[in-house]
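What follows is the residue order along each chain.
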Amino acid sequence: MFPYYESLTELLRKEQGFKSLELSFASIASIFKITAMLRTVSLFFTTILVTLFSALPSRAQWVQTNGPNGGSFYTFTSSGTNLYAATLDSVFRSTDHGLHWMDTRGTLPAPILITTLFATGTNIYLGTSDGRIFLSTDSGGSWKKIGSTTGPASSFAMIGTNLFVGTGDGIFISSDNGGTWTQSDSGIIGIDVVSLATIGTHLFAATPANGVFISTNNGTSWNSVTHGLYYEYLYVTSLFVNGTKIFVGSQDGVISSTNEGATWRLA
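A brief look at the structure comes next. (Residues numbered from 1 in each chain as written. Predicted model: local features only at pLDDT ≥ 70, side-chain atom pairs only at ≥ 80, totals over all residues. Heavy atoms only, no water.)

1. Digging into the side chain of T226
Applicable threshold: Where helices and strands are cited, they refer to DSSP runs of H or I of at least four residues and of E of at least two residues respectively, numbered from the N terminus. Burial classes: relative accessible area under 20% of the type maximum marks a residue as buried, over 50% as exposed, and values in between as partly exposed (1.4 Å probe, protein chains only). Any pair of residues with heavy atoms lying within 4.5 Å of one another is described as a contacting pair.
Turning to its location among the elements, T226 is positioned in the loop between β16 (223–224) and β17 (236–242). For T226, a relative accessible area of 13% translates into the label buried. In contact with T226, other than residues within four places in its own chain, are N210, G211 and V212.

Quick look at the structure:
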């Protein structure tokens, strides 16, 4: 026995009347054994958790590109290895995945408010806030106006030789590379179209307050696929297609469909 331990025990016995108080090194050793066991168990489970999380795929990381410098950017598009980004009044092109950028505003008139870009091959289509449509056939080297719509342009899509543009005043179609435009939105409720996308020959249009519509006849008629959306009332802000899967951006998150809008689920 240690003198301190003996005096403490005796003091408790004498002063507080704990006649049956018996402390032993055996009981203290048991406490230490239990503590050590708990530490071992804790370390074991910590090792398991670290191993599990290490095995999970890491999230994609974002790295700021080296430019372009010119203000806020509102729309992007790509064709092959060319990436295009637009401010309200300029277009920039990168051919090395964003490492370097070139201003391709070229012959665009001023003033101009760019609202959307669309690229296919070496052709780039550009829409503006006042409905003007511009085309560059040399990857942004030069531009020419090819037509106008009656509302601000928001999105382009192409099926075959038919070019579509969604606007704040409906959907327009051109079959002569933008030379002439015809309104083509019969059946769409609330014709403020914020985004267009295609799956094969099927065209999809997103409206903010009335959801998503589909056309299977080049925009001649449209049918709503909103009834199957995850939420009955959904404020749609964007639309994107990857393969045969449709993604809809909304105030409630991202909703997706793998059967052209027949059913939807949270992405």
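So, next bit.
2. Re the nonpolar core
Our working rule: Residues grouped as a nonpolar core are buried Ala, Val, Leu, Ile, Met, Phe, Trp, Tyr and Cys residues, joined through side-chain atoms within 4.5 Å.
Counting 15 residues, the largest nonpolar core has F204, V212, L239, I246, V248 and W264 as the members making the most contacts within it. Among the elements of the structure, β13 (195–199), β14 (202–207), β15 (211–215), β17 and β18 (245–250) are those that each provide at least two residues to this core. It is β17 that provides the largest number of residues to this core, a total of 3 residues.

3. Concerning the sheet that holds strand β11 (residues 170–174)
To be explicit about the condition: Pairing between strands is defined by DSSP: at least two bridges between the two strands are required.
A sheet is described by the order of its strands in space; here 4 strands give the open sequence β9-β10-β11-β12, paired in antiparallel fashion. Sheet topology places β9 (153–159) and β12 (182–183) at the edges, where each strand pairs with a single neighbour. Of the pairings in the sheet, the one linking strand β10 (residues 162–167) to β11 comprises 5 bridges and is antiparallel in character. From the neighbouring strand, V165 faces β11, where its bridge partner is F172.

4. Here we look at the pattern of salt bridges
Stated precisely, the cut-off is as follows: Here, a salt bridge means any side-chain nitrogen of Lys or Arg that lies within 4 Å of a carboxyl oxygen of Asp or Glu.
Applying the stated criterion to the full structure yields 1 salt bridge. The shortest N-O distance in the salt bridge between R132 and D130 comes to 3.0 Å. In this structure R132 comes out as buried when scored by relative accessible area, which is 18%. Classification of D130 as partly exposed rests on a relative accessible area of 44%.

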